[in-house]
Amino acid sequence: MSDAAPRRVIPIKVEPLSTLSTAARSTVLDICARLESLPGALLPVLHAVQESLRYVPKDAVPLIAHELNLSIAEVHGVVTFYHYFLQERPGRHVMHICRAEACQALGSVALEAHAKARLGVDYHGTTRDGAITLEPVYCLGNCALGPSLMIDQRLHGRVTPERFDALLAHSREAT
Amino acid sequence: MSAAGSVKIFVPCDAAALGVGADETALAITAEANRRGITVELIRNGSRGLLWLEPLVEVDVAGTRMAYGPVQSSEVAGLFDAGFTTGKPHALSHGATQELPYFKRQERLTFARVGLTDPRSLADYLAHDGYRGLQAALAMKPADIVACVTASGLRGRGGAAFPTGIKWKTVLGAESQQKYIVCNADEGDSGTFSDRMLMEGDPFVLVEGMSIAGLATGATQGYIYLRWEYPQAKVALESAIAAAVAADYLGANIRGSGKSFQLEVRMGAGAYICGEETSLLESLEGKRGQVRFKPPLPALQGLFGKPTVINNVISFASVPIILDRGAEFYQHFGMGRSRGTLPMQLAGNVKHGGLVEIAFGMTLRELLYDYGGGSYSGRPIRAVQVGGPLGAYLPESQFDTPLDYEAFAAIKAMLGHGGIVAFDDRVDMAAQARYAMEFCAIESCGKCTPCRIGSTRGVEVIDRLIAGENAPKQEAILRDLCETLTYGSLCALGGLTPFPVISALNHFPEDFVKPVRAARAAG
Ligand SMILES: Cc1cc2nc3c(=O)[nH]c(=O)nc-3n(C[C@H](O)[C@H](O)[C@H](O)COP(=O)(O)O)c2cc1C
Ligand code: SF4
Ligand code: FES
C-alpha cells in the first residue's frame, strides 16, 4: 500500500484528450507540483498558470483537477467564477477599463465607447491584429484620478480619449 | 540623515501617483540631477493622499518637506532651474507639506506614516514609532490585549462596523489547535482606496496589526487576501513580510518571545463578492466565492473550519497605535458610538480628491467643499454616493448629515468603508440605478434567487420605466422587486442593492420620467 492520501475524486479519464502543447503541459504540471501542498492551492495554481501561459486553457482544467485531487467540475467552476481568469488566449496586451461609479462620475462611459470604437471590439474581445484584449474591471482603487484603466497590470489615471489613443499606440508598438 | 551635500527628494510609488506619471518624474529627476552634478537621494514614499497634486514631489529643506505638484517629467528641468532643490518657489510649489490646510486639519492616526516614510524600510518604520504596539502587546496577556482593543471602541472599518474587540474575544475563547487571522484586502467598493494607500505606503503597520491579533487570540497563521487589481500593494506587502521575517518580527519566535506568527499574501481573482467575509474564506480555501450561511460564525468556524479573526486592512492597521498609545487615547476621538478616526476617501467628480483621515462627526458638506473644493468639472454637485456600490445616493438636502455610523443609518444610508463619490449635474440617476442592478447581476454569487435573477429583471424593469411603458406599473414592480431583494437575500450584495436604486428613485424621480428625459436630451 502506498502512504499517499487516498484519492478523493476518482477521475473518469486519467489522460483526457488534450490539445495542450508539451511545453504548456509540463508548465502546468510543474506549477501543480510546486504549489499543491499549500492549503487551498487552487487559486494560487490558477494564478501561476495564467501568469505563465497568459490564460487558463480549457485543456489545462482536467490536468489541474487530476493533480490537485479535485473534480473537473470543481476546477471548471472556480475558473469560470472569477472574472480575472481568462479562458481564451488573449492578445499581446490585456486592457482593463474601469466601469465603476467613481470613474463614471468622471466620464468613463464615454471613454468606454471611445475604446470600443477604436479597438473595434466589445468587452472580452481581441483586436483583429491580436494586439489588445479588452476586459471590464470594477474599480482599480484610483477613484480620485479617473477615468482609470490598466494595461498589463500597469495603472493609468485621468485617461482622456486623447490619452487613450496615445496609450493604445504605445501598446501596439510594444511587443 | 542625508549625506552631506546630497538633497533628499521624495517621489511617491503609490499606484495612483504612478498612474499619472510618477515613475517618469522620478527618472527625470535622477537624470537631471546627474546632468547638473547634484547628488540626490531619491526616496519612493507612499502618497500623502493629496491625490490631485500627484505626482507630488517633496524636497527636504533643512528638515522641512517642501511640496511641488503635480510634477510631470516635462516640468523637472524647470524645477531645477528655479532651484527647487533648495526649496525655492516655482509655479508648482505649495510650501511646506505639513502646512497645507488639506493635510494640516486632518487627524492622522492610522495613516500617520503614510507618505512620510519609505514603505520598504523597516528601519524607517522603527524610527517612526513602528512596532511599539507589538512591543507593548508582547508584555500583555491575550485577554488584556483584547480588552484594550474593545475599550478603544474600534469598530470594523470594512463596512459592517462590528466592534473589533468583541470579535477577537470570541476567537480567543474558542478552543482549537489551529486558529487563523485573515485580512480582508479585497477593497471592492468603488470610491475607496484607503486600504490600497495604506498597504503601499505603510505595509508594516498592517503586518504589525495582524501580528498583534495573533498574539491576542492565539492564532499562528495569517493570510492577507488581496485583490488582483493591486499589484503594487502585493510587492509592498511581500517585501515588508520578508523584512519582518528577517528581523524576527514574524516567524517562529517573535523577538525572542517564543510566540509564533506567520503571514502570507493570497491573491483574489476579480470577484466583488469575495469581499464578503464568508465568501472570502471559501475563496481562500480554493473554491468558488459562494457566501456561507451564518451561523456558524467565522470566529468559531472560519477558514478550514477553524476559529478565524477576519478584519479589514484599516481595522488591523488601527490596532498598533491603540496598543501603543492606549485605548483612551483612541477612544477620545469621534462622536457617539463611532470612536476614533475614519480615513475618508474623496472620489469621483471632486476637485481635490484624496484621503482625509478625520474623527467621526464632520458633515458630508464640509468634507465635499472644505476639503474636496467642490466638483472637478466646476459644475454643481448633484448627487453623492457614500459607502460603495451598495450605498445610497444622497441629494444636496442630505449633505449636512454628520459622518457617523448611526447618523447615516438613520437616513437609510451607510458610511461603509468611507468612500465618497461625487457626481455633477450631468449625472443621469436612472442610469445609476440601472447600473446598480447590473452590478448586482454581474457580481452575484448565485446562491439566492432574488439576487441572481431579480437583479437582471431589475435592469429590464428600469429600462421599461424610463421608456415610459406604463410607468406607474413599472415603478410598482421595481419597488416590489427591491423589497424582495431586501428580505430575500442572504448577504448585503442582494440585500443592499435596493439602497442605490430606491434612493435614486426617491430623491431624483424626475430622471425616471420619459418626457423629462427627452426634454433634457434635447437640451
Ligand atoms: C458584498 C460585500 C462586499 C464586501 N466587501 C468588503 C471589502 O472589500 N473589504 C472589507 O474589508 N469588507 C468587505 N465586506 C465586509 C465583510 O463581510 C466583513 O464585514 C469585514 O471584512 C469584517 O472586517 P471589519 O470588522 O474589520 O470591518 C463586504 C461585505 C459584503 C456583504
Ligand atoms: S445575496 Fe447575492 S451575493 Fe449574497 S449570498 Fe445571495 S446570491 Fe450570493
Ligand atoms: S471607480 Fe474606477 S478606479 Fe475606482
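Reading guide: rules and limits
Residues numbered from 1 in each chain as written. Chains lettered and ligands numbered in written order. Predicted model: local features only at pLDDT ≥ 70, side-chain atom pairs only at ≥ 80, totals over all residues. Heavy atoms only, no water. Helix = DSSP H or I, 4+ residues; strand = E, 2+ residues; numbered from the N terminus. Rg over C-alpha atoms; globule rule 2.2 N^0.38 Å. Buried < 20%, exposed > 50% of the residue type's maximum accessible area, 1.4 Å probe, protein only. Contact = heavy atoms within 4.5 Å. Areas by Shrake-Rupley, 256 points an atom, 1.4 Å probe, with all protein chains shown as cover. Lys, Arg positive; Asp, Glu negative; His and termini not counted. Charge placed at Lys NZ, Arg CZ, Asp CG, Glu CD. Pairing = 2+ DSSP bridges. Axes fitted to C-alpha atoms, helices over the stretch in contact; angles between N-to-C directions. Near = heavy atom within 4 Å. Polar contact = N/O pair within 3.5 Å; in protein donor to acceptor, adjacent residues only side chain to side chain. Phe/Tyr/Trp six-rings, centres within 6.5 Å; stacked < 30°, edge-to-face > 60°. Lys NZ or Arg CZ within 6 Å of the ring centre and 35° of its normal. pLDDT = per-residue confidence, 0-100. Nonpolar A, V, L, I, M, F, W, Y, C, P; charged D, E, K, R; others polar. Core = buried A, V, L, I, M, F, W, Y, C linked by side-chain atoms within 4.5 Å.

**A few points about the overall build of chain B**
Okay, so step 1: When helices and strands are counted, chain B shows 22 helices and 16 strands.
Okay, so step 2: Its C-alpha radius of gyration of 24 Å places chain B within 12% of the 24 Å reference for a compact globule of 523 residues.
Okay, so step 3: Scored against the burial criterion, the 523 residues of chain B give a buried share of 60%.
Okay, so step 4: In chain B, once contacts between residues fewer than 6 apart in sequence are set aside, the share between residues at least 24 apart is 71%.
Okay, so step 5: When the accessible surface of chain B is totalled, it reaches about 18,600 Å², and 55% of it is carbon and sulfur.
Okay, so step 6: Separation of charge centres in chain B, based on 49 positive and 54 negative side chains, amounts to 3 Å.

**Looking at the pairing of strand 1 (residues 93-98) of chain A**
Here is the key point about a regular strand: its side chains alternate between the two faces of the sheet.
All names here are of chain A.
Okay, so step 1: Counting buried residues in strand 1 gives six out of six residues, a clear majority hidden from the surface.
Okay, so step 2: A two-sided burial pattern is seen for strand 1, the buried positions comprising H93, M95 and I97 on one face and V94, H96 and C98 on the other.
Okay, so step 3: Looking at chain direction, strand 1 and strand 2 (residues 132-137) are connected through six bridges and run parallel. For C98, the partnering residue across the bridge sits in strand 2 and is V137.
Okay, so step 4: Summarising the sheet, strand 1 and strand 3 (residues 149-151) pair through three bridges and their orientation is antiparallel. Along strand 3, the bridge assignment pairs I97 with L149.

**Observations regarding unusual backbone geometry**
Okay, so step 1: Backbone torsion omega between E54(B) and P55(B) reads -10 degrees, so that peptide bond is classified as cis.
Okay, so step 2: Within the secondary structure, P55(B) is located in the loop between strand 2 (39-43) and strand 3 (57-61).
Okay, so step 3: Put simply, G69(B) and P70(B) share a cis peptide bond, and its omega is -10 degrees.
Okay, so step 4: Positionally, P70(B) belongs in the loop between strand 4 (64-68) and helix 3 (76-82).
Okay, so step 5: Even without glycine at this site, H124(A) takes up a positive phi of about 75 degrees.
Okay, so step 6: For H124(A), the location among the structural elements is in the loop between helix 6 (108-119) and strand 2.
Okay, so step 7: The class for H124(A) is exposed, based on a relative accessible area of 57%.
Okay, so step 8: In this structure, Q153(A) is a non-glycine residue whose phi angle is positive, near 70 degrees.
Okay, so step 9: Relative to the helices and strands, Q153(A) is located in the loop between strand 3 and strand 4 (154-156).

**Some remarks on the sheet that holds strand 9 (residues 308-312) of chain B**
All names here are of chain B.
Okay, so step 1: Spatially, 8-7-6-9 is the arrangement adopted by the four strands of the open sheet, whose pairing is parallel. Each end of this open sheet is capped by a strand with a single partner; those strands are strand 8 (262-267) and strand 9. On average, each strand axis in the sheet is tilted by 20 degrees relative to the strand beside it, whichever way the strands run.

**Examining the site of ligand 1**
All names here are of chain B.
Okay, so step 1: Neighbouring ligand 1 are 20 residues; G158, N184, N311, N312 and S315 lie closest to it.
Okay, so step 2: Here K167 contributes a side-chain N or O atom positioned 3.1 Å from an oxygen atom of ligand 1.
Okay, so step 3: Between N311 and ligand 1, the recorded distance is 2.8 Å, taken from a side-chain N or O atom to an oxygen atom.
Okay, so step 4: Of all elements in the fold, only strand 9 and helix 20 (492-496) reach the threshold of two or more residues within the shell around ligand 1.
Okay, so step 5: For the shell around ligand 1, the element with the most residues is strand 9, which contributes three residues.

**Quick word on the packing of aromatic side chains**
Okay, so step 1: Under the criterion given, the structure shown has 20 aromatic pairs over all chains.
Okay, so step 2: Ring geometry for Y180(B) against Y223(B): centres 6.1 Å apart, planes inclined by 40 degrees, an arrangement best described as tilted. In this pair, Y180(B) sits in strand 6 (residues 180-185) while Y223(B) sits in strand 7 (residues 221-226), placing the two residues 43 residues apart along the sequence.
Okay, so step 3: Under the relative-accessibility criterion, Y223(B) is labelled buried at 3%.
Okay, so step 4: Through successive ring pairs, a cluster of aromatic residues spans F81(A), Y82(A), Y84(A), F85(A) and W228(B).
Okay, so step 5: The ring of F10(B) has R65(B) lying over it, and the distance from NZ or CZ to the ring centre is 3.5 Å.
Okay, so step 6: The ring of F329(B) has R325(B) sitting right over it, with the charged end atom 4.1 Å from the ring centre.

**Observations regarding the confidence of the model for chain B**
Okay, so step 1: Across chain B, the average pLDDT comes to 96, with 99% of residues at or above 70.
Okay, so step 2: Two numbers describe this predicted complex: its pTM, 0.97, and its ipTM, 0.96.

**Quick look at the site of ligand 2**
Okay, so step 1: Taken together, 13 residues sit near ligand 2, with C445(B), K447(B), C448(B), C451(B) and C491(B) positioned nearest.
Okay, so step 2: In the shell around ligand 2, the residues fall into eight nonpolar, four polar and one charged.

**Regarding the nonpolar core**
Okay, so step 1: By size, the foremost hydrophobic cluster in this structure holds 161 residues, and its most contacted members are I64(A), Y82(A) and L206(B).
Okay, so step 2: Ranked by residues supplied to this core, first place goes to helix 10 (residues 203-217) of chain B with nine residues.
Okay, so step 3: Apart from residues lying up to four places away in sequence, L206(B) is in contact with C183(B), L198(B), M199(B), I224(B), L237(B), V313(B) and F316(B).
Okay, so step 4: Formed by 33 residues, the second largest nonpolar core is a distinct cluster that contains L56(B), L346(B), V356(B) and I381(B).

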